[in-house]
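Spelled out from the first residue to the last, the chains are:
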Amino acid sequence: MTDISMDKAGAVSKAPPRRDIGIKRRYAAERRFKAYGITAIAIGLIFLCTLLWTVISQGYTAFWQTEIRLPISFSQEVIDPDNTGGQDASALMRANYPRLAQDAIVQRLGIDPSNRPEVQRAAGLVSQGVRLQLRQMVLEDPSIIGTTQDVWIFANSTVDSALKGQFDLSVEEGRRPLNDMQLRWMDELEQAGDLAQRFNTDFFTNGASSRAETAGVGVAILGSLYMMLIVLVLSLPIGVAAAIYLEEFAPKNKLTDLIEVNINNLAAVPSIVFGLLGLAVFINWFGLPRSASLVGGLVLTLMTLPTIIIATRAALKAVPPSIRAAALGLGASRNQMVFQHVLPLAAPGILTGTIIGLAQALGETAPLLLIGMVAFVADFPSGPMSPATALPVQIFMWANEADRAFVERTSGAIIVLLAFLAFMNIAAVLLRRRFERRW
């Protein structure tokens, strides 16, 4: 039936059928939904790009450190006054290495050693971390005692921040951390090529430090690797075994239904709850040492197990029932069917779920704070039982520092952590695409 209408001139016109109106409305609704989806994706990308830009713009400078080249005179009177030929290791450890750097910069800038205010200002350009740097050089090669060597040493964090433009040098002298004389010395050294920014390899090899210029993520990276190894060794076999039993062998009754519900609920439990559990069980009950990688690995294993179990069960379910029926029809036992046919076909999904679980554990902070992994650890751990820290915890501790230079260290550590997480997730995607079979 056709709708008829009349225009102002009295002419008869046909109205569009109601079916066409309905189709137009559906098309309009689809276009609106598509626009909403594109808008949501655009907003998400904007926030993601803003986050990455903020972190990278503040953190990339952490990979470059301002250093000063000075002719260091490794005086025997300062380092080895007893003339032991470098055989007395305790004397080498106790030597006043900052004095060597102070004498070198005073001589380099042509300052009168008797002018104590100028000597102190010049010494303020050099990091106190020079003690460790020069001591390490002497311990590695005692033959340099009594010689003069050109050495690139760390500049103070204030000098580093000034050279990177992290605070305004145009304000009056009393409102900035460097006075006019120190700025002139910096210009003199920079023009002579003795003050420059160099790639900061120590950021990846040093441990925690109260001075930003000598602080690094080396200890945190090693501690995280220890914990991830423990998580992998424990959670993978336990999680896969539990998933295989629940999916292939367990009877379907109320008990197994209850277990499945609890596993799904554990995957959504806040991570800090696992930290409380680890504190109560592993530290207070078993008496394991606080701040040890072993305790951190055990806590993260508990947190990762539900993720691996759920991912493994999903991978097992994805294997077609015809594979099971064919194996059993050819005379294979149930164990042979599961371990020789189903499990190899589900391996890509299991591997992907394991990597995603490890990536999640790598970025956790809250459970590690509760088991004491916020300790100041400057030395590399000798094993899983030694005190250590982790990358997320190191980021947390640096974020609470008052020194302006720790801001870039915090962002730099975040970049390192994001790089590890991105690598693990990309590896999971590539492995899944490489080994996954389409049914």
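Residues numbered from 1 in each chain as written. Predicted model: local features only at pLDDT ≥ 70, side-chain atom pairs only at ≥ 80, totals over all residues. Heavy atoms only, no water.

Peer 1: Tell me what's going on with the domain arrangement of the protein chain, and back it up with residues and numbers.
Peer 2: Partitioning the protein chain into structural domains gives domain 1 (63–198) and domain 2 (215–433). Look at where the C-alpha atoms of domain 1 and domain 2 centre, and you get two points 45 Å apart. The interface of domain 1 with domain 2 comprises seven residues on the first partner and eight residues on the second. Summed over both partners, the interface of domain 1 with domain 2 comes to about 530 Å²; 43% of that surface belongs to carbon and sulfur atoms. Taken together, domain 1 and domain 2 are joined by one salt bridge. Between K164 and E408 there is a salt bridge, with its nearest N and O atoms 3.0 Å apart. Run the count over domain 1 and domain 2 and you get four residue pairs in polar contact (both at pLDDT 80 or more). Residue contributions to the side of domain 1 that touches domain 2 peak at three residues, all from helix α7 (residues 157–163). By residue class, the composition of the side of domain 1 that touches domain 2 is one nonpolar, four polar and two charged. (Domains from an automatic or database assignment. Contact = heavy atoms within 4.5 Å. Buried area = accessible area lost by both parts, 1.4 Å probe. Salt bridge = Lys/Arg side-chain N within 4 Å of Asp/Glu carboxyl O. Polar contact = N/O pair within 3.5 Å; in protein donor to acceptor, adjacent residues only side chain to side chain. Helix = DSSP H or I, 4+ residues; strand = E, 2+ residues; numbered from the N terminus. Nonpolar A, V, L, I, M, F, W, Y, C, P; charged D, E, K, R; others polar.)

Peer 1: Any details on the packing of helix α13 (residues 293–318) against helix α15 (residues 334–362)? Residues and values, ideally.
Peer 2: Direction vectors running N to C along α13 and α15 enclose 150 degrees, while the axes themselves pass 8 Å from each other. When the axis of α13 is compared with that of α15, the two are roughly antiparallel. Viewed along their axes, α13 and α15 form a crossing whose handedness is right-handed. Residues L300, M303, T304, T307, I308, A311, T312, A315 and L316 of α13 pack against V342, L343, A346, G349, I350, G353, T354, G357, L358, Q360 and A361 of α15. Across the contact of α13 with α15, the residue classes break down as twelve nonpolar, eight polar and no charged. (Axes fitted to C-alpha atoms, helices over the stretch in contact; angles between N-to-C directions. Parallel < 35°, antiparallel > 145°, perpendicular 65-115°, else oblique. Left-handed = near helix turned anticlockwise from the far one by under 90°.)

Peer 1: Outline helix α8 (residues 180–191), supporting the account with residue identities and numerical values.
Peer 2: Taking 1.5 Å per residue as the helical rise, α8 with its twelve residues ought to reach 16 Å, and the 17 Å between its terminal C-alpha atoms agrees with that figure. When α8 is considered as a whole, its buried residues turn out to be Q182, L183, W185, M186 and L189. All buried residues of α8 lie within an arc of 160 degrees about the axis, which places them on one face of the element. Relative to its buried face, α8 has exposed residues pointing more than 90 degrees away, namely R184 and Q191. Of the surrounding secondary structure, the elements contacted by the buried residues of α8 are β3 (64–73), α4 (97–109), α5 (116–123), α7 and β5 (195–199). Remark: G193 follows α8 within two positions and exhibits a positive phi of approximately 80 degrees. (Expected span 1.5 Å × (residues − 1). Buried < 20%, exposed > 50% of the residue type's maximum accessible area, 1.4 Å probe, protein only. Arc of directions from axis to C-beta.)

Peer 1: Can you tell me about the environment of G275, naming the residues and giving the values?
Peer 2: Within the fold, G275 resides in helix α12 (residues 271–285). Sequence spacing of G275 and G296 is 21 residues, and the spatial spacing of their C-alpha atoms is 8.8 Å. Those residues in contact with G275 that lie beyond four places of it in its chain are V299, P367, L370 and I371.

Peer 1: Talk me through unusual backbone geometry; I want residue IDs and the actual numbers.
Peer 2: For S291, which is not a glycine, the phi torsion comes out positive at approximately 65 degrees. Among the structural elements, S291 can be located in the loop between α12 and α13.

Peer 1: For the pattern of salt bridges, give the residues involved together with the corresponding values.
Peer 2: On inspection of all chains with the given rule, the structure shows twelve salt bridges. Residue R69 is joined to D194 by a salt bridge in which the shortest nitrogen-to-oxygen separation is 2.9 Å. In this pair, R69 is assigned in strand β3 and D194 in the loop between α8 and β5, connecting sequence segments 125 residues apart. Judged by relative accessible area, D194 falls into the buried class, the value being 10%. A salt bridge links R324 to E248, with the nearest nitrogen and oxygen atoms 2.7 Å apart. Residue R324 is located in helix α14 (residues 321–329), and its partner E248 is located in helix α10 (residues 218–249); the two are separated by 76 residues in the primary sequence. The class of R324 is buried, set by a relative accessible area of 16%. By sharing partners, the salt bridges in this structure join R69, R108, E188 and D194 into a single network.

Peer 1: Provide a residue-level description of the environment of A62, including the pertinent values.
Peer 2: Checked against the element boundaries, A62 lands in the loop between α1 (18–59) and β3. With a relative accessible area of 0%, A62 lands in the buried category. Considered as a pair, A62 and I415 are 353 residues apart in the sequence and their alpha carbons are 10.0 Å apart.

Peer 1: Would you mind going over a nonpolar patch on the surface in detail, with residue names and values included?
Peer 2: There is a patch of nonpolar side chains on the surface, built from I41, L45, L48, L51, L52, I56, Y60, W64, F199, F204 and L418 and spanning about 1,000 Å² of accessible area. Element by element, the count of residues in the nonpolar patch is highest for α1, at six residues. By the element assignment, W64 lies in strand β3. Among the residues examined, W64 registers a relative accessible area of 38% and is labelled partly exposed. (Patch = residues over 30% accessible without salt bridge, like charges linked within 9 Å, V, L, I, M, F, W, Y side chains within 5 Å. Areas by Shrake-Rupley, 256 points an atom, 1.4 Å probe, with all protein chains shown as cover.)

Peer 1: Can you lay out the packing of aromatic side chains for me, pointing to particular residues and giving the numbers?
Peer 2: This structure, assessed with the given rule, holds nine aromatic pairs. An angle of 85 degrees between the planes, with centres 5.6 Å apart, marks the rings of F63 and F203 as edge-to-face. With a gap of 140 residues between them, F63 in the loop between α1 and β3 and F203 in helix α9 (residues 202–205) connect regions that are remote in the sequence. The two residues F63 and F203 agree in class, both being buried. Centroid distance F203 to W398: 6.3 Å. Interplanar angle 35 degrees. Geometry classified as tilted. Remark: W398 occurs in helix α17 (residues 391–399) and F203 occurs in helix α9; sequence separation between them is 195 residues. Here F203 matches W398 in class, with each residue buried. (Phe/Tyr/Trp six-rings, centres within 6.5 Å; stacked < 30°, edge-to-face > 60°.)

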